[in-house]
Amino acid sequence: MNKIPIGDRVIIKRNETEQKMGGLIIDLSSSGYQTGTVLKTGPGIYTQNGVLVPLTIQEGNTVHYVPNTGQEITIEGETLMMCREGDLLMFEKNGEESN
C-alpha cells in the first residue's frame with residue numbers, strides 16, 4: 001500500500017468478530033469494542049513550537065476501539081478504517097499477547 005495517512009491518523013484493517021486473547025475466545029460483537037491491525041500510520045503531530053511528536057501506535061499493532069470510530073475507506077478494493085490515534089482505546093505491542 002502506497003497511501004500514507006497525514007498527521008496522527010492511522011489506517012486499520014478490522015479483525016473478525018471473534019478473537020483469541022490470553023487463551024480465551026472473545027466474541028467482539030458483544031464486548032463493546034472492536035479490534036484491528038494497524039496497516040499504516042502518519043508521522044505524528046507538530047507542537048506549537050514545531051516539534052514533531054511521533055505516534056505511540058506502530059504498524060502491525062493490534063488496536064482496540066469503539067464501534068463507529070473513524071471513517072470507512074476503500075484502498076485497492078479493500079474496506080479499511082481511518083481514525084486519529086486519540087480515538088483508539090488501547091493497543092497490544094507487536095509480538096506480545098495480552099494477559
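Residues numbered from 1 in each chain as written. Predicted model: local features only at pLDDT ≥ 70, side-chain atom pairs only at ≥ 80, totals over all residues. Heavy atoms only, no water.

A few points about the sheet that holds strand β9 (residues 78-84)
What the six strands build is an open sheet, ordered β8-β9-β1-β4-β7-β10; its pairing is antiparallel. The open sheet has two edge strands with one neighbour each: β8 (71-75) and β10 (90-92). This sheet shows a mean twist of 40° between the axes of neighbouring strands, independent of strand direction. Relative to strand β7 (residues 62-65), strand β4 (residues 34-41) runs antiparallel, the two being bridged by four bridges. Bridge pairing in β7 places T37 opposite T62. (Pairing = 2+ DSSP bridges. Helix = DSSP H or I, 4+ residues; strand = E, 2+ residues; numbered from the N terminus. Axes fitted to C-alpha atoms, helices over the stretch in contact; angles between N-to-C directions.)

Observations concerning the pattern of salt bridges
One pass over the structure, following the stated rule, counts three salt bridges. Residues K13 and E78 are paired through a salt bridge, measuring 3.3 Å at the closest nitrogen-oxygen approach. Of this pair, K13 sits in strand β1 (residues 9-14) while E78 sits in strand β9; the two residues are 65 residues apart in sequence, bridging distant segments of the chain. Note on K13: relative accessible area 41%, which makes it partly exposed. A salt bridge links R14 to E72; the shortest N-O distance between them is 3.1 Å. Placement of R14 in strand β1 and of E72 in strand β8 is noted, with a sequence separation of 58 residues between them. What makes R14 partly exposed here is its relative accessible area of 32%. Judged by relative accessible area, which is 56%, E72 ranks as exposed. (Salt bridge = Lys/Arg side-chain N within 4 Å of Asp/Glu carboxyl O. Buried < 20%, exposed > 50% of the residue type's maximum accessible area, 1.4 Å probe, protein only.)

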